[in-house]
Amino acid sequence: MAVVLKNGVKFPFLGFGCYKLQSGASAAAVLDEAFRVGYRHIDTAQAYKNEGDVGAAWARSSLDREVVFITTKLAMRNMGYDSTLKSFEESLQRLGTSHVDLFLLHWPGRYGLPSESEENVTARSESWRALETLYRQEKCRAIGVSNFTE
């Protein structure tokens, strides 16, 4: 089951979240099992520090890239236009793929600052501009936000 996003991308209802999944042997076993039992949507993030584990598990699974929906998210520390582009390329390398299905701004701003501070408004705007660039370059099939409440 999936919902169709405005751009036609099918977003699976059910996904395997990698928050708190610590990198290493236990992550490998958990992710291998997730693929084995049928998960095809994997939700990770730069801040989780397990994108490499996700990429390695996907490679071990022998599943075609087209059947695995990968979501990752921009870490707050990487906000800004150039930083977003650079960190996204690093995510692709860790994930072992040429694109992600969904790339999200993980949080509305940098830690410790009000989300509407001038620094965060600028960082968020520049990061979003970078997401639009990546989308136009077809490096991500969809873009969006996470943990935004307003």
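Higher on the page you've got the structure.
Visitor: Can you walk me through the state of the cysteines in this structure?
Guide: Covalent bonding between the sulfur atoms of two cysteines is what defines a disulfide. Following the criterion strictly, the structure yields zero disulfides and no others. Distance from the sulfur of cysteine 18, which forms no disulfide, to the nearest cysteine sulfur (cysteine 140) is 19 Å. A residue is classified by how much of its surface remains accessible, and cysteine 140, at 2% relative accessible area, is buried.

Visitor: Looking at this model, I keep getting lost on helix H2 (residues 51–61). Mind explaining?
Guide: One full turn of an α-helix is made of 3.6 residues, so residues set three or four places apart face in the same direction. Turning to H2, its buried residues are Glu51, Asp53, Val54, Gly55, Ala57 and Trp58. Tucked inside the fold, the buried residues of H2 contact helix H1 (25–36), strand S4 (41–43), strand S5 (69–74) and helix H3 (81–95). A positive backbone phi angle near 65° is found at serine 62, which sits one or two residues after H2.

Visitor: Got a minute to help me understand the packing of aromatic side chains in this structure?
Guide: For the coordinates displayed, the defined rule picks out four aromatic pairs. Ring geometry for phenylalanine 11 against phenylalanine 69: centres 5.5 Å apart, planes inclined by 85°, an arrangement best described as edge-to-face. With phenylalanine 11 in strand S2 (residues 10–12) and phenylalanine 69 in strand S5, this pair connects stretches of sequence that are 58 residues apart. A relative accessible area of 23% means that phenylalanine 11 is categorised as partly exposed. Residue classification places phenylalanine 69 among the buried residues on the basis of a relative accessible area of 4%. Seen from their ring centres, phenylalanine 16 and tyrosine 39 are 5.2 Å apart, and the 70° between their planes marks the pair as edge-to-face. Here tyrosine 39 lies in the loop between H1 and S4 and phenylalanine 16 lies in strand S3 (residues 16–17), a separation of 23 residues in the sequence. The partly exposed category is assigned to tyrosine 39, whose relative accessible area is 25%. The ring of tyrosine 81 carries arginine 129 above its face, with NZ or CZ at 3.9 Å from the centroid.

Visitor: What should I look at first to understand the environment of aspartate 101 in this one?
Guide: As for its placement among the helices and strands, aspartate 101 is situated in the loop between H3 and strand S6 (102–105). Considered as a pair, aspartate 101 and histidine 41 are 60 residues apart in the sequence and their alpha carbons are 9.5 Å apart. Filtering out sequence-adjacent residues up to four positions away, aspartate 101 remains in contact with Arg65, Val68, Phe69, Ile70, Arg141 and Ala142. Polar side-chain contacts of aspartate 101 include one of 2.8 Å to the side chain of arginine 141.

Visitor: What is the right way to look at the sheet that holds strand S7 (residues 143–145) in this model?
Guide: What holds strands together in a sheet is hydrogen bonding between their backbones, with the strands either parallel or antiparallel. The strand order across the open sheet formed by five strands is S3-S4-S5-S6-S7, and the pairing between neighbours is parallel. Of all the strands in the sheet, the pair left with one neighbour each is S3 and S7. As paired strands, S3 and S4 are joined by two bridges and run parallel to one another. In the sheet register, phenylalanine 16 faces S4, and the bridge partner there is isoleucine 42. Each of S5 and S6 is contacted by H3, which is oriented at about 145° to S5, the strand it contacts most.

Visitor: I tried to follow H3 on my own but got confused; where do I start?
Guide: When the terminal C-alpha atoms of H3 are compared, their 21 Å separation across 15 residues agrees well with the 21 Å that a helix rising 1.5 Å per residue should span. Those residues of H3 hidden inside the fold are in contact with H2, S5, S6 and helix H4 (118–136). Residue glycine 96 follows H3 closely and has a positive phi angle near 70°.

Conventions adopted
Residues numbered from 1 in each chain as written. Predicted model: local features only at pLDDT ≥ 70, side-chain atom pairs only at ≥ 80, totals over all residues. Heavy atoms only, no water. Disulfide = S-S within 2.5 Å. Buried < 20%, exposed > 50% of the residue type's maximum accessible area, 1.4 Å probe, protein only. Helix = DSSP H or I, 4+ residues; strand = E, 2+ residues; numbered from the N terminus. Contact = heavy atoms within 4.5 Å. Phe/Tyr/Trp six-rings, centres within 6.5 Å; stacked < 30°, edge-to-face > 60°. Lys NZ or Arg CZ within 6 Å of the ring centre and 35° of its normal. Polar contact = N/O pair within 3.5 Å; in protein donor to acceptor, adjacent residues only side chain to side chain. Pairing = 2+ DSSP bridges. Axes fitted to C-alpha atoms, helices over the stretch in contact; angles between N-to-C directions. Expected span 1.5 Å × (residues − 1).

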